[in-house]
2 protein chains.
Amino acid sequence: MGWELSLLSELAKEIYLAVHPILGTPKAGETLGLGFGGDRTKFIDAISEKAALQYLKEKGVSCIFVGEECGVMEIGSKPEFYLIVDGVDGTNNAVRGLKFASASIAMSPTGMLRDLEAAAVIDLFDGGLYSARRGEGAKYNGKPIRTSNVERLESSIISVDVSRSQESIKRTAQIMGRVKGLRALGSASLEICHVASGILDAYVDLRNMLRTIDFAAGMLIVREAEGIFLQPSGEDIPNVPLTEVRRFSVIASANRKLFDEIVSLISL
Amino acid sequence: MGWELSLLSELAKEIYLAVHPILGTPKAGETLGLGFGGDRTKFIDAISEKAALQYLKEKGVSCIFVGEECGVMEIGSKPEFYLIVDGVDGTNNAVRGLKFASASIAMSPTGMLRDLEAAAVIDLFDGGLYSARRGEGAKYNGKPIRTSNVERLESSIISVDVSRSQESIKRTAQIMGRVKGLRALGSASLEICHVASGILDAYVDLRNMLRTIDFAAGMLIVREAEGIFLQPSGEDIPNVPLTEVRRFSVIASANRKLFDEIVSLISL
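How each quantity is defined
- Residues numbered from 1 in each chain as written.
- Chains lettered and ligands numbered in written order.
- Predicted model: local features only at pLDDT ≥ 70, side-chain atom pairs only at ≥ 80, totals over all residues.
- Heavy atoms only, no water.
- Contact = heavy atoms within 4.5 Å.
- Buried area = accessible area lost by both parts, 1.4 Å probe.
- Salt bridge = Lys/Arg side-chain N within 4 Å of Asp/Glu carboxyl O.
- Polar contact = N/O pair within 3.5 Å; in protein donor to acceptor, adjacent residues only side chain to side chain.
- Helix = DSSP H or I, 4+ residues; strand = E, 2+ residues; numbered from the N terminus.
- Nonpolar A, V, L, I, M, F, W, Y, C, P; charged D, E, K, R; others polar.
- Least-squares fit on C-alpha atoms with pLDDT ≥ 70 in both.
- Expected span 1.5 Å × (residues − 1).
- Buried < 20%, exposed > 50% of the residue type's maximum accessible area, 1.4 Å probe, protein only.
- Core = buried A, V, L, I, M, F, W, Y, C linked by side-chain atoms within 4.5 Å.
- Pairing = 2+ DSSP bridges.
- Axes fitted to C-alpha atoms, helices over the stretch in contact; angles between N-to-C directions.

Digging into the interface of chain A and chain B
In step 1: Taken together, the 36 residues of chain A in the interface contact 36 residues of chain B.
In step 2: Summed over both partners, the interface of chain A with chain B comes to about 2,900 Å²; 49% of that surface belongs to carbon and sulfur atoms.
In step 3: Summed over the three residues of chain A that lose the most area to chain B, namely Arg96(A), Leu98(A) and Arg183(A), the buried surface amounts to 23% of that side.
In step 4: Counting across the interface, chain A meets chain B through four salt bridges.
In step 5: Across the pair Lys99(A) and Asp126(B) runs a salt bridge, and its minimum N-O distance is 2.3 Å.
In step 6: Summed over the shared surface of chain A and chain B, the number is 17 residue pairs in polar contact (both at pLDDT 80 or more).
In step 7: Listed by contribution, the elements that provide at least two residues to the side of chain A that touches chain B are helix H3 (91–96), helix H4 (166–178) and strand S12 (181–183) of chain A.
In step 8: Considering every element that reaches the side of chain A that touches chain B, the biggest residue donor is H4(A), with six residues.
In step 9: Taken together, the residues of the side of chain A that touches chain B break down into 15 nonpolar, 13 polar and eight charged.

Here it is, written out as structure tokens:
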């Protein structure tokens, strides 16, 4: 599968092994300070990133590491690529013990979003591993996955994040009221991977809150699973440097038809 | 723990063993006909109920069985109590492979909702078992549980079901916009049990859609965990016969303060 995916899969498993034992424990939720992305760092976030950094150093990997807590960090003497790592996506779930949280890792040779080469997202509760390499499709635990065939909103199960956004509730009300099943699960990268595997039909977040660190890995995985990942305008995400904190509204969809119906129902 | 809880726990485990192997498979979603409650029966629903009925017959249990698919059925020659059984709560999740679905069982000596004596809810993906006996507290896998101490909506993680209801989106918009984390998970009884264990702080469904078969077991479990389970008006659920299909709006909450804040934010 190429060294890129091997490295990312191994790294994801190291994070899983470090984090899994403290899921749902009071220790996991202890507050430590403010991370690079502005979220409050919890013990579980710190443990996760520490495990990732330690693994890379042990393996003698040299790269530019972009982490939610540590920010941009050079590892080794001759960095050859960029790794963007969200150690815990779904921290609230992980701390409470709600079984939906993930770690996500994406690799870009240039550090630019559109040059992503490989990605891995691991379920921190059960160790299930989503992965993709550019041009080679997406996988779940090593088996190929692709998005669902559901093309109509009224037959779809979709996930919408409207937390803390009255405006977003208004804008998505027509969508939320029309679906067969509405979900909100609390871990964007894992939700996007669920679109990739056909468990969900779409993921919608119009809050202009999601950072590249939150969605880069999921974006490659869902696109490699033949899904759509775009801004609500229909435009691609701009080709931003992964080292900057940039926020976007995004829609992941199983296919173009469903994407178009979702977009047509967004209230201005 | 008394024979009631032993019976319910064993029954829940039998259902789990029958259903778990087909979770997330195409077979699980095959459509068979219309159930007692008006939902379309899927293969997985039928398998679940069949496993429950078979277990009761093998054990020589005589009771009035109220099932989502079979309706009201007398088992054995001298029924001594009522069992209300939802074989799969979260059928869409169970069919898709989204890891949040449950089976729920409640027992009432008289067949009336307010006389519930014992309840069990099992997670069909991982086998985790919530249970309660009236006056004896609630448990998860045999260990006592209780609701969270979160008393303010802005610090809360709550689950709201607004699927297919524009009106309900409007009525809950103030609530959804104010919480720390919003979830929609797709299995009411398991969501209510998550309130019981403190993983969620509240569960809100104002659609007037939830049937007693959907919430009876969860209601006893969350109340035994010192939580609140009421209609949005603040009134108790009426003392209805479990043999009838009756629908209600419900709020499960960790405590009274949080319940009052939620109710105060419902738009008319």
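Brief notes about the relation of the copies chain A and chain B
In step 1: Rotating chain A by 180° about the axis while translating it 0.0 Å along that axis superimposes it on chain B, leaving an RMSD of 0.0 Å. A rotation of that kind, with that shift, is consistent with a two-fold axis. Relative to the rotation axis, the closest C-alpha in chain A is found at Ala184(A), a distance of 2.3 Å.
In step 2: With an isologous cut-off of 70% or more, the 100% of interface residues of chain A that recur at the interface of chain B puts this contact in the isologous class.

Brief notes about helix H2 (residues 43–58) of chain A
Along an α-helix, residues three or four apart share an orientation, since each turn contains 3.6 residues.
Residues and elements named next belong to chain A.
In step 1: Taking 1.5 Å per residue, 16 residues should reach 22 Å; H2 reaches 22 Å between its end C-alpha atoms and fits that length.
In step 2: All buried positions along H2 are accounted for by Ile 44, Asp 45, Ser 48, Glu 49, Ala 51, Ala 52, Leu 53, Tyr 55 and Leu 56.
In step 3: On its buried face, H2 is in contact with helix H1 (2–19), strand S2 (40–42), strand S3 (63–67), strand S4 (71–75), strand S5 (82–89) and H3.
In step 4: Just beyond H2, the residue with positive phi is Gly 60, at close to 70°.

Observations concerning the nonpolar core
In step 1: With 82 residues, the main nonpolar core has Phe215(A) and Phe215(B) as its most contacted residues.
In step 2: Contact partners of Phe215(A), with chain neighbours within four places excluded, come to Leu113(A), Ile192(A), Leu210(A), Phe229(A), Ile237(A), Phe248(A) and Val250(A).
In step 3: Of all hydrophobic cores here, the second largest spans 42 residues; its members include Val160(B), Ala173(B), Leu206(B) and Ile262(B).

Some thoughts on the pairing of strand S4 (residues 71–75) of chain B
Residues and elements named next belong to chain B.
In step 1: Relative to S4, strand S3 (residues 63–67) runs antiparallel, the two being bridged by five bridges. Bridged to Cys 63 within S4 is Ile 75.
In step 2: Following S3, the chain reverses through three residues before pairing antiparallel with S4.

Quick look at the sheet that holds strand S8 (residues 129–133) of chain B
Residue and element names in this part refer to chain B.
In step 1: On the basis of which strands lie adjacent, the open sheet formed by eight strands has the order S4-S3-S5-S6-S7-S8-S9-S10 and mixed pairing. Edge strands, defined here as strands with exactly one partner in the open sheet, are S4 and strand S10 (143–145). Averaged over all pairs of adjacent strands, the angle between their axes in this sheet comes to 20°, without regard to strand direction.
In step 2: By the bridge criterion, six bridges tie strand S6 (residues 102–108) to strand S7 (residues 118–123) in an arrangement that is antiparallel. In the strand pairing of S7, Ala 103 is matched with Ile 122.
In step 3: Contacting S3, S4 and strand S5 (82–89), helix H2 (residues 43–58) crosses the sheet at an angle of about 175° to S3.

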